[in-house]
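Here are the chains, one letter per residue:
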Amino acid sequence: MILPSHFDPLWAAPAQASHEGLWFVFHRTNLLVYTGQDVPMLPMPADVLHGSLRVDPGAARFVGMLGDTPCWAARSAHADAPDGHAFENMRMLFNRLPDDLLAIGGRAVQMLEFDRSHAFCGACATPTAIFEGGRSRKCPSCAETYYPKVSPAMMVLIKRDTPTGRELLLGRSARFPRGMYSALAGFVEPSESIEECIHREAFEEVGVKVENLRYFSSQGWPFPNSLMIAYVADYVSGDIVPQEGEIEDAQWFTLDALPQLPHRLSIARRLIDSVIAEVNP
Ligand SMILES: [Zn+2]
């Protein structure tokens, strides 16, 4: 099936939008796909949707339009997928789903998670209601308004140029696949700027000082709700001291002896590749 490629993220469904669209059905954060094909339901047969999956159309969320096709998010109470389908972890689909479907799926799962985690007012415990056409949830009792949470995080690739060539400071967490190293990353703290976060994390995670921060790019990361903002920085001083409990190992790597790196579609890899390309075009 050929899909239109332009996705318009929207909050409220246009009046003409039917339920005959693309259905992103989740059990927890696992997306329903055709077994072996890695595409979501296109479209979902009504008997499957409301029968064996027991999706409540009233609790479905409109996610946006992919060309002329409305996209919907819904939860299934059942972990068992219908014949010919499977629930797959979204993280595992990262390298396999086309980019636009991955973006829609990421938005879909975050909207469902927002509805689940903000069903009640945190201030007075009254059930909240969808507000502003779906953009927020509001408490009818105390008027507290809630928006989907986005957590900014920084990523920084620290480099230095030595007489024998460029070196990259890469680290690994115990959670990484064995042997894989990447740029440093960490969450921004309240009232902190991205730049302050980079200086703090570089010192906390590996004990080094950096300068000349240069913005590279950013990427929404819906697992669960980050916005990764990536920079390049120049090394100033300090010997590498990996932060206990956070960084399993960190080292300077020369460009001809790099370790295993993150997947080529990730922002971490694009960041690393761009800094390598500056000296190895
Ligand atoms: Zn309230």
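Just above, that's the structure.
Predicted model only: the values in this text are computed from it and were never measured.

(A) Looking closely at the sheet that holds strand S9 (residues 145-146). The strand order across the open sheet formed by three strands is S7-S8-S9, and the pairing between neighbours is antiparallel. The two strands at the open ends of the sheet, each matched to only one other strand, are strand S7 (129-131) and S9. With three bridges connecting them, S7 and strand S8 (residues 136-138) associate as antiparallel partners. Paired with Ala 129 across the two strands is Lys 138, which belongs to S8.

(B) Region of interest: the pairing of strand S11 (residues 165-172). The element S11 is largely enclosed, with a buried count of seven among its eight residues. Note that strand S10 (residues 151-162) and S11 share five bridges and pair antiparallel. Across the sheet, the residue bridging to Ile 158 is Leu 169, located in S11. The turn joining S10 and S11, which pair antiparallel and follow one another in sequence, is formed by two residues. The sheet contact formed by S11 and strand S15 (residues 249-254) spans six bridges and is antiparallel. Bridge pairing links Leu 170 to Gln 251 in S15.

What counts and how
Residues numbered from 1 in each chain as written. Predicted model: local features only at pLDDT ≥ 70, side-chain atom pairs only at ≥ 80, totals over all residues. Heavy atoms only, no water. Pairing = 2+ DSSP bridges. Helix = DSSP H or I, 4+ residues; strand = E, 2+ residues; numbered from the N terminus. Buried < 20%, exposed > 50% of the residue type's maximum accessible area, 1.4 Å probe, protein only.

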